Amino acid sequence: MTFLIAALLGIGLPVIWWNIRESRLKNPAVRWPELAAQLELQFVAEPPRLEGKYKGRSFRVLAEGSGASVMTGLRGRPGLRVEIGSKDKIEKEAGMVVPDRVKVNDHAFEKRYLARCQPADLAEMACDHSLRQRLLSLPVDVHILALPDRVVVNVPFPTEASEIRNYLDLAVSMAESLS
């Protein structure tokens, strides 16, 4: 009987501790105030979000479901729509034929991601080499959508300042190339 109790405590306590730790890391109301100070952003509680300036641009990082959205403003031309994301997801959403697909002659990028662009003459600026390399260096897939007034980067829920910084850099890169 004591062996059973010891085994339950030996296994149960670490599992409970791990679950509590993970729930605190995935809760923006708990985790993001700490990260806000590291990133020099402000934490706003309702709804949980980070706001402020990063590299001269205004940003908002908003928790959404199991992920987050990183948003910044853009002064793009009317009719602008640039989308970069997981190849499977974009093909599924667009249907069998993706008419505004961007060919970048980068096998590693085109294996993992698909880029779409309207108008087509912005394709080279929107999907430049440095942005492609940043995307490929990430361990997770992200989804970038640039519209005439904003850039939105949908990402898995970030729990570290370095992750948020990487996502902010992606949004800055896209916004600057399209401005």
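Residues numbered from 1 in each chain as written. Predicted model: local features only at pLDDT ≥ 70, side-chain atom pairs only at ≥ 80, totals over all residues. Heavy atoms only, no water.

*Asks:* Can you tell me about the packing of helix α6 (residues 129–137) against helix α7 (residues 161–178), naming the residues and giving the values?
*Replies:* Put simply, α6 and α7 touch, their axes get as near as 10 Å, and they point 160° apart. By the criterion of interaxial angle, the relationship of α6 to α7 is roughly antiparallel. Judged by the sense of rotation from one axis to the other, the crossing of α6 with α7 is left-handed. Contacts from Leu131, Arg134 and Leu135 of α6 reach α7 at Asp169, Leu170, Ser173 and Met174. (Axes fitted to C-alpha atoms, helices over the stretch in contact; angles between N-to-C directions. Helix = DSSP H or I, 4+ residues; strand = E, 2+ residues; numbered from the N terminus. Parallel < 35°, antiparallel > 145°, perpendicular 65-115°, else oblique. Left-handed = near helix turned anticlockwise from the far one by under 90°. Contact = heavy atoms within 4.5 Å.)

*Asks:* Any details on the sheet that holds strand β8 (residues 150–156)? Residues and values, ideally.
*Replies:* In space, the eight strands of this open sheet follow the order β1-β2-β3-β4-β8-β7-β5-β6, with antiparallel pairing throughout. Lying at the two open borders of the sheet, with one neighbouring strand each, are β1 (42–44) and β6 (113–118). Adjacent strand axes in the sheet meet at a mean angle of 15°, parallel and antiparallel pairs treated alike. The strands that α7 touches are β2 (49–54), β3 (57–64), β4 (67–73), β5 (81–86), β7 (143–147) and β8; relative to β3, the one it contacts most, it runs at about 130°. (Pairing = 2+ DSSP bridges.)

*Asks:* Help me get a handle on the environment of Glu160, residues and values and all.
*Replies:* In this structure, Glu160 sits in the loop between β8 and α7. Residue classification places Glu160 among the partly exposed positions, given a relative accessible area of 35%. Sequence-wise, Glu160 and Glu34 are 126 residues apart; in three dimensions their C-alpha atoms are separated by 9.5 Å. Ignoring any residue separated from it by four or fewer positions in sequence, one finds Glu160 in contact with Arg31 and Leu35. (Buried < 20%, exposed > 50% of the residue type's maximum accessible area, 1.4 Å probe, protein only.)

*Asks:* So what's going on with the packing of aromatic side chains? Which residues, and what values?
*Replies:* Tallied over the entire structure, the rule returns three aromatic pairs. When the centroid spacing of 6.2 Å and the interplanar angle of 75° are considered together, the rings of Tyr54 and Phe59 count as edge-to-face. Accessibility classification places Tyr54 together with Phe59 in one group, the buried group. Arranged with centres 5.5 Å apart and planes meeting at 25°, the rings of Phe109 and Tyr113 form a pair that is stacked. Phe109 sits in the buried class, given a relative accessible area of 1%. (Phe/Tyr/Trp six-rings, centres within 6.5 Å; stacked < 30°, edge-to-face > 60°.)

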